[in-house]
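# Overview (structure and organization)
Chain residues, written in single-letter form:
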Amino acid sequence: MLVIRDQDLSPEGFKKAAQVFGELQLHDKKETHVPGHPDVYYVSNDQIVNGKRIIPGESFHTDHSNHPAPPKATTLFAVSLPSHGGDTQYVNMHSAYDDLPQETKQRIDGMKAVHVYLSKYSPRSLGHLSEESRKALPPPGIHPLVRTNPENGRKALFLNPVRMESIVGMEDEAALALIADLMAHATQQKYEYRHQWRHGDMVIWDNRSVMHQANPDYDMNERRYLYRLMLKGEVPA
Ligand SMILES: [Fe+2]
């Protein structure tokens, strides 16, 4: 992941900056776009569903893994930040994979998981999805638990409890236990970089190499608003 400080980007400028790194991928939630810019999305802390505030990204995940070809990268640009808190944590899934015991590596080699828009086992809600957006959802992504990043040839764990609904050929109970073990391993602090946002930060990360999560540890009367774009990726292998 890269941090590019001190940027002053309009929605269109942010689009141009993102496209330096690849081709834009549309967001599943088409309704959360910046007014007047249908292909520039945002994350914010102002959505409340059934009396509960939705904090996008509030548990470790990789973005849009419900797609057969999930986005290779995501980028955020900080427009409005709380006075403190609201960090984003990233964990290195290459290091997490490398450190697994040999027998675990052998056990999970070749395993595939079914990633849907919202798993019935998800630890959190994704908020409201319009009918139009729901109709446009892709078929589930069926992805290896271990994928190789084509940019660096390194293997990485590819996990997302928000979207993983099953592991092919496994009972759900056993699959959930395995995913929980791998998540506990991968989210240890030794694998983590914690980004403290500053105004003007553009951050871009490789979804094939890291998981990330947002933090709701700030005053919700303060606005946290970031532009968000994703870049097209390939079918995980
Ligand atoms: Fe995310």
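Let us look at the structure shown here. This structure is a prediction, so every number in the text was calculated from the model and none was measured.

With that settled, consider the overall build of the protein chain. Helix and strand counts for the protein chain come out as five helices and 17 strands. Rg of the C-alpha trace for the protein chain: 17 Å, near the compact-globule value of 18 Å for 237 residues, within the 12% margin. In terms of its C-alpha atoms, the protein chain occupies a principal-axis envelope of roughly 50 × 35 × 35 Å. Among the 237 residues that make up the protein chain, the fraction classed as buried is 52%. Once local pairs closer than 6 in sequence are excluded, the contacts in the protein chain between residues at least 24 apart make up 86%. Surface summary for the protein chain: the accessible area is close to 11200 Å², and the carbon and sulfur share equals 49%. Side-chain charges of the protein chain comprise 27 positive and 30 negative groups, with the mean position of each set lying 2 Å from the other.

This part is about the coordination of the iron ion. For the iron ion, every protein donor is listed as His 61 (NE2), Asp 63 (OD) and His 212 (NE2), and the spread of their distances is 2.1 to 2.2 Å. Mapped onto the polypeptide sequence, the residues donating to the iron ion form the spacing pattern H-x1-D-x148-H. Of this pair, His 61 sits in the loop between strand S6 (52–54) and strand S7 (73–80) while His 212 is found in strand S16 (residues 210–214), placing the two residues 151 residues apart along the sequence. A residue is classified by how much of its surface remains accessible, and His 61, at 7% relative accessible area, is buried.

Conventions used here
Position numbers for residues start from 1 in each chain and track the written sequence from start to end. With the structure being a predicted model, the display of local features is reserved for residues of pLDDT at least 70 and the display and counting of side-chain atom pairs for 80 or more, all residues being used for whole-chain, interface and lining totals. Here the side-chain values reflect all heavy atoms present in the structure, with hydrogen atoms and water set aside. Numbering of helices and strands runs from the N terminus; a helix is a DSSP stretch of H or I covering at least four residues, while a strand is a stretch of E covering at least two. The atom set for the radius of gyration is the C-alpha atoms, and the globule formula is 2.2 Å times the number of residues raised to the power 0.38. Burial classes follow relative accessibility: with a 1.4 Å probe on protein chains only, a residue under 20% of its type's maximum area counts as buried, one over 50% as exposed, and anything between as partly exposed. By definition, residues are in contact when any of their heavy atoms lie within 4.5 Å. Computed with a 1.4 Å probe, the accessible areas rest on the Shrake-Rupley method; for each residue, only the protein chains presented here act as cover. Charged-residue counts in this description rest on Lys and Arg as positive and Asp and Glu as negative, His and the chain ends being excluded. Charge placement uses NZ in Lys and CZ in Arg. For Asp and Glu, CG and CD serve respectively. Coordinating donors are taken as N, O and S atoms within 2.8 Å of the metal, stretched to 3.2 Å for Na, K and Ca; because water is absent from the atoms, sites can appear incomplete.

Just geometry here; none of it tells us what the structure is for.
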